[in-house]
Amino acid sequence: MASELEPEVQAIDRSLLECSAEETAGKWLQATDLTREVYQHLAHYVPKIYCRGPNPFPQKEDMLAQHLLLGPMEWYLCGEDPAFGFPKLEQANKPSHLCGRVFKVGEPTYSCRDCAVDPTCVLCMECFLGSIHRDHRYRMTTSGGGGFCDCGDTEAWKEGPYCQKHELNTPEIEEEEDPLVHLSEDVIARTYNIFAIMFRYAVEILTWEKESELPADLEMVEKNDTYYCMLFNDEVHTYEQVIYTLQKAVNCTQKEAIGFATTVDRDGRRSVRYGDFQHCEQAKSVIVRNTSRQTKPLKVQVMHSSIVAHQNFGLKLLSWLGSIIGYSDGLRRILCQVGLQEGPDGENSSLVDRLMLNDSKLWKGARSVYHQLFMSSLLMDLKYKKLFAVRFAKNYERLQSDYVTDDHDREFSIADLSVQIFTVPSLARMLITQENLMTIIIKAFMGHLRHRDAQGRFQFERYTALQAFKFRRVQSLILDLKYVLISKPTEWTDDLRQKFLEGFDAFLELLKCMQGMDPITRQVGQHIEMEPEWEAAFTLQMKLTHVISMMQDWCALDEKVLIEAYKKCLAVLMQCHGGFTDGEQPITLSICGHSVETIRYCVSQEKVSIHLPVSRLLAGLHVLLSKSEVAYKFPELLPLSELSPPMLIEHPLRCLVLCAQVHAGMWRRNGFSLVNQIYYYHNVKCRREMFDKDIVMLQTGVSMMDPNHFLMIMLSRFELYQIFSTPDYGKRFSSEITHKDVVQQNNTLIEEMLYLIIMLVGERFSPGVGQVNATDEIKREIIHQLSIKPMAHSELVKSLPEDENKETGMESVIEAVAHFKKPGLTGRGMYELKPECAKEFNLYFYHFSRAEQSKAEEAQRKLKRQNREDTALPPPVLPPFCPLFASLVNILQSDVMLCIMRTILQWAVEHNGYAWSESMLQRVLHLIGMALQEEKQHLDSVTEEHVVTFTFTQKISKPGEAPNNSPSILAMLETLQNAPYLDVHKDMIRWILKTFNAIKKRRESSSTSPVAETEGPIMEESSRDKDKAERKRKAEIARLRREKIMAQMSEMQRHFIDENKELFQQTLELDASASAVLDNSPVVSDMTLTALGPAQTQVPEQRQFVTCILCQEEQEVKVESKAMVLAAFVQRSTVLSKNRSKFIHDPEKYDPLFMHPDLSCGTHTGSCGHIMHAHCWQRYFDSVQAKEQRRQQRLRLHTSYDVENGEFLCPLCECLSNTVIPLLLPPRNIFNGLNISDQPKLTQWIRTISQQIKALQVLRKEESTPNTASSKNSENIDELQLPEGFRPDFHPKNPYSESIKEMLTTFGTATFKVGLKVHPNEEDPRVPIMCWGSCAYTIQSIERILSDEDKPLFGPLPCRLDDCLRSLTRFAAAHWTVASLSVVQTHFCKLFASLVPDDCHGDLPCILDIDMFHLLVGLVLAFPALQCQDFSGISLGTGDLHIFHLVTMAHIVQILLTSCTEENGMEQENPAGEEESAVLALYKTLHQCTGSALKETPSGWHLWRNVKNGIMPFLKCSALFFHYLNGVPSPPEIQVSGTSHFEHLCNYLSLPNNLICLFQENSEITKLLIESWCHHIEVKRYLEGERDAISYPRESNKLIDLPEDYSSLINQASNFSCPKSGGDKSRAPTLCLVCGTLLCSQSYCCQTELEGEDVGACTAHTYSCGSGVGIFLRVRECQVLFLAGKTKGCFYSPPYLDDYGETDQGLRRGNPLHLCKERFKKIQKLWHQHSITEEIGHAQEANQTLVGIDWQHL
Ligand SMILES: [Zn+2]
Ligand SMILES: [Zn+2]
Ligand SMILES: [Zn+2]
Ligand SMILES: [Zn+2]
Ligand SMILES: [Zn+2]
Ligand SMILES: [Zn+2]
Ligand SMILES: [Zn+2]
């Protein structure tokens, strides 16, 4: 259909282009009814431009629209050519000082923690970099899209509101100036006209709801039957559902369906079919039918093409308006005016209102276009921002309920603009006073929560999924309330007071609905059947926490408001608990002659709720009153007399008792929901407005009532009254052995009650309770957190409550209390408590959890022991209470308290007869300590004439009263001091007694004169102390020794694997010291060591014994014995690759014989170095396999290793392995028995070998042509002259045992399988090549690592590496014995022919395209296959040496050919040396041979330097290779790092120091060889510049350079859009650290098919870039991602740290991040060492959840 339309459309296009914009505009200028004229124009042209076919043509449509529709408008507006008109407007404009840049998704935004008014104030990167805030404490986040830069908004910043760019105009903008003055009257009038028409048109068409009918004034004369089937986005259906449905409904391919689905998701709608009405209707019904089964169906409309056309143009128009107003602030103001002008229908009829009210009906794309227009117009104009804010507030309730019922995310809703409006302080204030915004928001919120119980409280039980969904959306209203309150008023007007208090009333109504919600009853007998819903209520509480705090902050600012609020709150509380005594039996309690009336109420039997927001708000306000002056100056203003302390304390007390009972195990049957609630009640997120306030409320109550009464009520609520009111009750209840549980329960309850009393007296660090300020409060929190252990910054932040600005106030005090310790290569920076702060430690700090408390206690005692102090942890000295709370301290010396103390001490004294606990006693001691500290302070502060009323010391000296006649508390303490069973508390009791004495002394002396403490008894004591201290010190030493021994023992007991894991995880720590094993090679006298050739240093045979890690048996490595194997891991590698675009396309046909020097795909072998018997391993592997199969059948679990692919974990170190390497003796010694002195020279040797090869080739040919007569055949063989001593019919016997042979095959096949990614086939001729290749590649990669780290070649290598290289080399050398002899010979011939050409091999690669080290290894290791048939006396060693020389020569030529690209260096002054002239001569030869294509002769010095540098890596690799092959120890010189060791290497390798001599010595043949090399066509092409070649030395690959500042990465990624879905922003931009490619990860759009499976962009990339292994940085998350294969992956700590030495995975904290070079190097090292896969394996073993992640979709 499309193609038929094409020519017609083109014809139309041509005719359209003939219209002139100027003419049209001219017509419009003349028009009497402009609106009609323009509408006619649009009605005619829009359908001709847009929507001409099934698919949009954006470029063409845009071009035509500009020409025909927008052009005329621009002409009209300017009254001249807009190309001149607009620049003029722009020039006349005084540009705004607001930046207003609208953020893209993922763009970095910055906020200043010092200067931003609230955290929603942000800057774009450009403004930030030009602002003063870059040196402040800033926070960085990535934008979720929407929102704009606040640069230039003076209300957003306390300081520095302008960046350099936007500052320029500030002096001019003294006062608001009407921007219209810069425009001429004409322009104003015309702009007004055109804007009014166009804006109205856009609004009308976008909100148009009919599907086949246009507005009357746009209706066309003739109408085609062309429709679109339009599919709309919703958040209910998944991608898969949509894709599947579309394939069915419109018959498209999966790819098209994905395209449709992606666009629908992005733009909110997409036409999926074009055609006549029937055709579209049909598709619609299929879609609806297919998606309506479980959920509501997808929204589909069949729309007439002309409507869609107009809507598309409407969107275009809105963007156009947005760009036009950018030219001038005046134009912008006109647009605002047009938009807000009330329409003909009165209220809510302006264009802006119409758009807002239709928001939830519009599709995503339309919404974001008009939201952006609003942001760039209404929100950028100060005058209209206000008017718009009013419109927004007026529509608020409607917009919110639209949003709640809509299913789009908040960022796509107009409601989301609230953050832009409400956070502007002046606007918020205005909206509160003029529009009563607070009340509106709260009422709207309440309106959405309709479920209430009989008492009118919220009820969340049995919430359906839909309601829960709605509830989540409703919470955004709380956020709005927060925005409104976030900036506090600096000045109060009566209006503001009134409206705030009105809002406060509404807020109290809200809290009232929460007071007592979710009540619970203790479950006895049976467990609860279903966990009750508790999360909704807590979510509400959590979300409101900041709002409640902010309400209090507002109240605190104005006394009048505070008093009113207090009264209102009290009234509501009284309503809530009005008559809480109703229907209850009053009871009377009495102890020690005091009695009080209360109600009978048991937490354990009746309903109790944890939600008491009204009480807690009142507590908060009470503290504020206490802080203010009113309370003291005008107490009559306060309703204090109305307060009934017993009523105030009742509910908070119940709540605390509930916690105590839960702790005592009494509520076990109520399940986890209760445990969770108690947890959150104390949690840092909630406690400020829950637990903390309950404590305050009790403090308030105690300070207003008789402490004895309070204590009795408390005893009664704790259900402990009986125990303390009945003498000897304790004795009785302990004897009831049958109720052990009850005893235990009561003990815990008593402990908890004492703890509560400690808190009531001791917690006075909230300003208003005690005489402290906010800094003291935060300091104390930090001190106590750090008393537990040193902490990282983030850990500390997490443990402190944040305010609405996400600030904890920590930075201001941290320096005063802690030292910072920088992090090392791992770990984080840590804060450590300063020692002098330890004295402020309070063991019973109320924010400690139980675990924290015991940890802190242990840590503090340990510290004291280390400092050789006694281990008492006495209560710290406390600040005084504020006057309103001052009487609270009397609780400590109240009769009931003393009675409780005495009773418990009594139990402890008669310790056998009673049920008591040490913690109980410890708490009593702490309380006594607190009382003593209190008394001491009173003595300190009291002025002479006053009498100290706090007389605790006197009271505890008195014995108990009848009838008990118990001894005094003091006496009991003295008794307990020596009790052997209280050893731990001895120090504390001693401290108490000492303090008591000191106070007593002071009291006695103060009556005469204020003398300082008398020294007498102290002196006396000190000698005793000394003695004691000495004993203690010795005991301490003994203890430490004991501890050390214990530690060592447990260390030894730790699982063997654990121990070794650590050892081996440090993989290639090359500076390993003791473990190094070079020394196990035999000691040879210090003659010159030679690694190869006939002159090879002879090494005495060494016997090697190894132990199997599985059966622990020791065995010698011998040719004929059972095979011993090393666990090994073979992997493909591109670590050394110089060409990442190259990879093996068809592995079945790939010929790996010659490795290209770009090393684009190698095979690496690694090993953990653990040795097993081959049969032990086999058995182990079989069992792993069987277990895995069973497991997979049972539950389809993944493991970190893939058994089907032969993977297993080393049984000792759990290192990932996929095969084993056999251990062998040096294989050359086995075959190289005879050593004849008379060996051929190179030339002669080459000739001999060539002859042998020729003979073989003839033979081979004969064999392959069997059709010729056999007689003739044999004739030929006879005719063939076999070289002397060559016996091709001879087949040597394989010396190895069966088991070793089997392992040779096993490892060979594994290398072949993994290296080529093919199915295993041990017969494949490529198996030996892969073995040699892996050997060569592994040596090369290790040589690179050593060079990069400046390590000596033969320095101490870690065992595992040494073992691996030795076994690998020897294996590769022995492998030919299990391969077909003729196959290996063929390989040798072909390899040999690449250097010494023969007639048989035509198209061999040229020497530029051969990696010489791979060639060397191949030739040397294949050579025995030929040599074994040679009985002429040429030794293997001779062959090795000649091969080595030959390859070295080829390499030198290769280097010379490729190194001449750089410019001629300066001429050396010195006379040319021997080497230089030699190399110059050689170069000249090359010059000749290449037909002078080679560049002009550079200097000899230059050439020699190139040769020397270029050949070094090759020499080093060769030295390693021959060292491991022949076992000749390395010369000691090369074992240390230092100079390049060129000479030593040459000596070791039996090379002349002047390498060029190789050519001179063999001049007869070298000339021929060089000629043949240089005549290759590829060499010519290279020299003529037609192709590239690798030059030497090859540089090591590095990971890409990362920027120092992380935000520049974020910025880079935010500019990155998905390469597949046309300019769409990528959601998870991910950077390949190997090649620097940015990928669109974890998203449908970029999934591709790989080996029949859909994989994400990252996985796909690893296949081309890292042959399956990848290292990525997920930019939005700041997380390093390791991938290997499709199923393996892990996250790794990123190389970016904040100033506190911490990483920020997930970018949650937003601190500035900087590159840590060392950590990045560590990642690079892992890569170089091929340890990524191993790292993933270890991570997955340690964290099983990693195994379940769908790595392939990333
Ligand atoms: Zn900006
Ligand atoms: Zn700026
Ligand atoms: Zn700042
Ligand atoms: Zn064994
Ligand atoms: Zn191991
Ligand atoms: Zn994509
Ligand atoms: Zn890459």
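We now turn to the structure provided with this report. (Residues numbered from 1 in each chain as written. Chains lettered and ligands numbered in written order. Predicted model: local features only at pLDDT ≥ 70, side-chain atom pairs only at ≥ 80, totals over all residues. Heavy atoms only, no water.)

### Re the overall build of the protein
Piece 1. Counting its regular elements, the protein contains 64 helices and 25 strands.
Piece 2. The burial tally for the protein puts 57% of its 1754 residues in the buried class.
Piece 3. Taking contacts inside the protein between residues at least 6 apart in sequence as the whole, the part at least 24 apart equals 76%.
Piece 4. Total accessible area on the protein is roughly 76200 Å²; 50% of this is exposed by carbon and sulfur atoms. (Helix = DSSP H or I, 4+ residues; strand = E, 2+ residues; numbered from the N terminus. Buried < 20%, exposed > 50% of the residue type's maximum accessible area, 1.4 Å probe, protein only. Contact = heavy atoms within 4.5 Å. Areas by Shrake-Rupley, 256 points an atom, 1.4 Å probe, with all protein chains shown as cover.)

### Things to note about the coordination of the zinc ion (ligand 7)
When a metal holds four donors in a tetrahedron, each ideal angle between them is 109.5 degrees; when it holds six in an octahedron, the ideal angles are 90 or 180 degrees.
Piece 1. Protein coordination at the zinc ion (ligand 7) comes from Cys-1632 (SG), Cys-1635 (SG), His-1661 (NE2) and Cys-1665 (SG), with a distance range of 2.0 to 2.3 Å.
Piece 2. Around the zinc ion (ligand 7), the four donor atoms are arranged such that angles at the metal cover 102 to 117°; this shape is classified as tetrahedral. (Donors = N, O, S within 2.8 Å, 3.2 Å for Na, K, Ca; no water. Tetrahedral: all angles 85-135°; square planar, octahedral: opposite > 155°, others 65-115°.)

### Here we look at the coordination of the zinc ion (ligand 1)
Piece 1. Taken together, the protein donors to the zinc ion (ligand 1) comprise Cys-99 (SG), Cys-124 (SG), Cys-127 (SG) and Cys-149 (SG), at separations of 2.2 to 2.3 Å.
Piece 2. Separating the zinc ion (ligand 1) from the zinc ion (ligand 2) is a gap of 4.2 Å, bridged by Cys-127, which donates to each. One end of the pair, Cys-99, is in the loop between α5 (82-92) and β1 (105-112); the other, Cys-127, is in helix α6 (residues 125-129), and 28 residues separate them in sequence.

### Brief notes about the sheet that holds strand β23 (residues 1688-1692)
Strands in a sheet are paired, the pairing made by backbone hydrogen bonds, and the direction either parallel or antiparallel.
Piece 1. Pairing in this open sheet of five strands is antiparallel, and the strands run β18-β17-β21-β22-β23 from one edge to the other. Edge strands, defined here as strands with exactly one partner in the open sheet, are β18 (1638-1640) and β23. Strand-to-strand twist of the sheet, defined as the mean angle between neighbouring strand axes without regard to direction, takes the value 30°.
Piece 2. Of the strand pairs in this sheet, strand β22 (residues 1679-1684) and β23 are connected by five bridges, and their pairing is antiparallel. Paired with Leu-1681 across the two strands is Phe-1691, which belongs to β23.
Piece 3. Of the strands in this sheet, β17 (1629-1632), β18 and β21 (1669-1674) are in contact with helix α61 (residues 1606-1614), which crosses β21 at around 100°.
Piece 4. Contacts between helix α64 (residues 1732-1742) and the sheet are confined to β21, β22 and β23, with β23 contributing the most and set at about 85° to the helix. (Pairing = 2+ DSSP bridges. Axes fitted to C-alpha atoms, helices over the stretch in contact; angles between N-to-C directions.)

### Points about the environment of Val-221
Piece 1. As for its position among the elements, Val-221 is in the loop between α8 (185-206) and β3 (227-232).
Piece 2. Remark: the alpha-carbon pair of Val-221 and Ala-43, spanning 178 residues in sequence, is separated by 9.5 Å.

### Some remarks on a positive patch on the surface
Piece 1. A surface patch of positive charge is lined by Lys-1138, Lys-1598, Lys-1717 and Lys-1721.
Piece 2. Looking at the element boundaries, Lys-1721 is found in helix α63 (residues 1717-1728). (Patch = residues over 30% accessible without salt bridge, like charges linked within 9 Å, V, L, I, M, F, W, Y side chains within 5 Å. Salt bridge = Lys/Arg side-chain N within 4 Å of Asp/Glu carboxyl O. Lys, Arg positive; Asp, Glu negative; His and termini not counted. Charge placed at Lys NZ, Arg CZ, Asp CG, Glu CD.)

### Side note on the sheet that holds strand β16 (residues 1219-1222)
Piece 1. The three strands are arranged β13-β12-β16 in an open sheet whose pairing can be described as antiparallel. Each edge of the sheet is formed by a strand with only one pairing partner; in this case those strands are β13 (1162-1173) and β16. Looking at each pair of strands side by side, their axes are set apart by 40° on average, direction ignored.
Piece 2. In this sheet, β13 lies alongside strand β12 (residues 1124-1133) in antiparallel orientation, the contact comprising nine bridges. Directly across from Arg-1132, in β13, lies its bridge partner Thr-1163.

### Structural notes on the packing of aromatic side chains
Piece 1. The tally for this structure, following the rule as stated, stands at 56 aromatic pairs.
Piece 2. An aromatic cluster is present here, built from Tyr-370, Phe-374, Phe-388, Phe-392, Tyr-396 and Phe-422 joined pairwise through their rings.
Piece 3. In this structure, Arg-269 is placed above the aromatic ring of Trp-363, and the distance from its NZ or CZ to the ring centre is 3.6 Å. (Phe/Tyr/Trp six-rings, centres within 6.5 Å; stacked < 30°, edge-to-face > 60°. Lys NZ or Arg CZ within 6 Å of the ring centre and 35° of its normal.)

### Description of the side chain of Arg-429
Piece 1. Counting through the fold element by element, Arg-429 comes out in helix α19 (residues 425-435).
Piece 2. Although Arg-429 lies buried, it forms no salt bridge, and the closest oppositely charged side chain, Glu-155, sits 7.0 Å away as judged by the N-O distance.
Piece 3. Here Ser-487 takes part through its backbone oxygen, which lies 3.1 Å from a polar atom of the side chain of Arg-429.
Piece 4. Contacts of Arg-429, omitting those with residues within four sequence positions, involve Ser-487, Lys-488, Pro-489, Thr-490, Leu-496 and Trp-554. (Polar contact = N/O pair within 3.5 Å; in protein donor to acceptor, adjacent residues only side chain to side chain.)

### Focus on the packing of helix α50 (residues 1326-1348) against helix α52 (residues 1381-1395)
Helix-helix packing is characterised by the crossing angle of the two axes and by the distance between the axes.
Piece 1. Relative orientation of the contacting elements α50 and α52 amounts to 60°, with a least axis distance of 9 Å. The angle between the axes of α50 and α52 places the two elements in the oblique class. You can see that α50 and α52 cross each other, and the crossing is right-handed. Along the contact surface, α50 presents Pro-1328, Ile-1329 and Trp-1332, while α52 presents Val-1384, His-1387 and Leu-1391.
Piece 2. When the residues that make up the contact of α50 with α52 are grouped by side-chain class, the tally is five nonpolar, one polar and no charged. (Parallel < 35°, antiparallel > 145°, perpendicular 65-115°, else oblique. Left-handed = near helix turned anticlockwise from the far one by under 90°. Nonpolar A, V, L, I, M, F, W, Y, C, P; charged D, E, K, R; others polar.)

### A few points about unusual backbone geometry
Piece 1. In this structure, Pro-1593 follows Tyr-1592 across a cis peptide bond, with omega equal to -5°.
Piece 2. With respect to the element layout, Pro-1593 can be found in the loop between α60 (1577-1583) and α61.
Piece 3. With a phi angle near 50°, Glu-1651 is a residue other than glycine that sits in the positive phi range.
Piece 4. Residue placement: Glu-1651 occurs in the loop between β19 (1648-1650) and β20 (1653-1655).

### What about the nonpolar core?
Piece 1. Counting 282 residues, the largest nonpolar core has Phe-195, Phe-313, Phe-388 and Phe-500 as the members making the most contacts within it.
Piece 2. Val-1327, Leu-1368, Phe-1423 and Tyr-1592 belong to the second-largest nonpolar core, a separate cluster that totals 159 residues. (Core = buried A, V, L, I, M, F, W, Y, C linked by side-chain atoms within 4.5 Å.)

### Details of the environment of Tyr-396
Piece 1. Residue placement: Tyr-396 occurs in helix α17 (residues 396-405).
Piece 2. Spatially, the C-alpha atom of Tyr-396 lies 7.9 Å from that of Ile-441, the residues being 45 residues apart in sequence.

### Overview of the side chain of Arg-1344
Piece 1. Topologically, Arg-1344 is positioned in helix α50.
Piece 2. Its relative accessible area of 16% is what places Arg-1344 among the buried residues.
Piece 3. Within polar-contact distance, the side chain of Arg-1344 engages the side chain of Ser-1596 at 2.9 Å.
Piece 4. Setting aside chain neighbours within four positions, we find Arg-1344 in contact with Leu-1136, Pro-1513, Arg-1594, Glu-1595 and Ser-1596.

### Regarding helix α59 (residues 1563-1574)
Piece 1. An ideal rise of 1.5 Å per residue puts 16 Å on 12 residues; α59 measures up with 16 Å between its terminal C-alpha atoms.
Piece 2. Where α59 is concerned, the buried positions are Ile-1565, Thr-1566, Leu-1569, Ile-1570, Trp-1573 and Cys-1574. Looking straight down α59, one finds that the buried residues subtend no more than 155° of arc, so they occupy a single side. Pointing more than 90 degrees away from the buried face of α59 are the exposed residues Glu-1564 and Leu-1568. (Expected span 1.5 Å × (residues − 1). Arc of directions from axis to C-beta.)

### Observations regarding the pattern of salt bridges
Should their charged atoms come close, side chains of opposite charge can pair.
Piece 1. The tally for this structure, following the rule as stated, stands at 71 salt bridges.
Piece 2. Of the charged contacts in the structure, one is a salt bridge between Asp-494 and Arg-497, with a shortest N-O distance of 2.8 Å. Taken together, the positions of Asp-494 and Arg-497, both in helix α22 (residues 494-514) and three residues apart, correspond to about one turn of that helix.
Piece 3. According to the relative accessible area criterion, Asp-494 is exposed, its value standing at 57%.
Piece 4. Between Arg-764 and Glu-934 there is a salt bridge whose closest N-O contact spans 3.0 Å. With a gap of 170 residues between them, Arg-764 in the loop between α33 (740-762) and α34 (774-788) and Glu-934 in helix α39 (residues 918-941) connect regions that are remote in the sequence.
Piece 5. Exposure remark for Glu-934: the relative accessible area of 7% places this residue in the buried category.
Piece 6. Through salt bridges with shared partners, a single network forms among Arg-113, Asp-114, Arg-137, Glu-807 and Glu-811.

### Regarding the pairing of β21
Looking along a regular strand, one sees side chains alternate from face to face of the sheet.
Piece 1. Counted residue by residue, β21 has six buried out of six residues, so it is predominantly covered.
Piece 2. Burial of the side chains of β21 extends over both faces: Val-1669, Ile-1671 and Leu-1673 are buried on one face and Gly-1670, Phe-1672 and Arg-1674 on the other.
Piece 3. Relative to β21, β17 is paired through three bridges, and the arrangement is antiparallel. Note on β21: the bridge partner recorded for Cys-1632 is Phe-1672.

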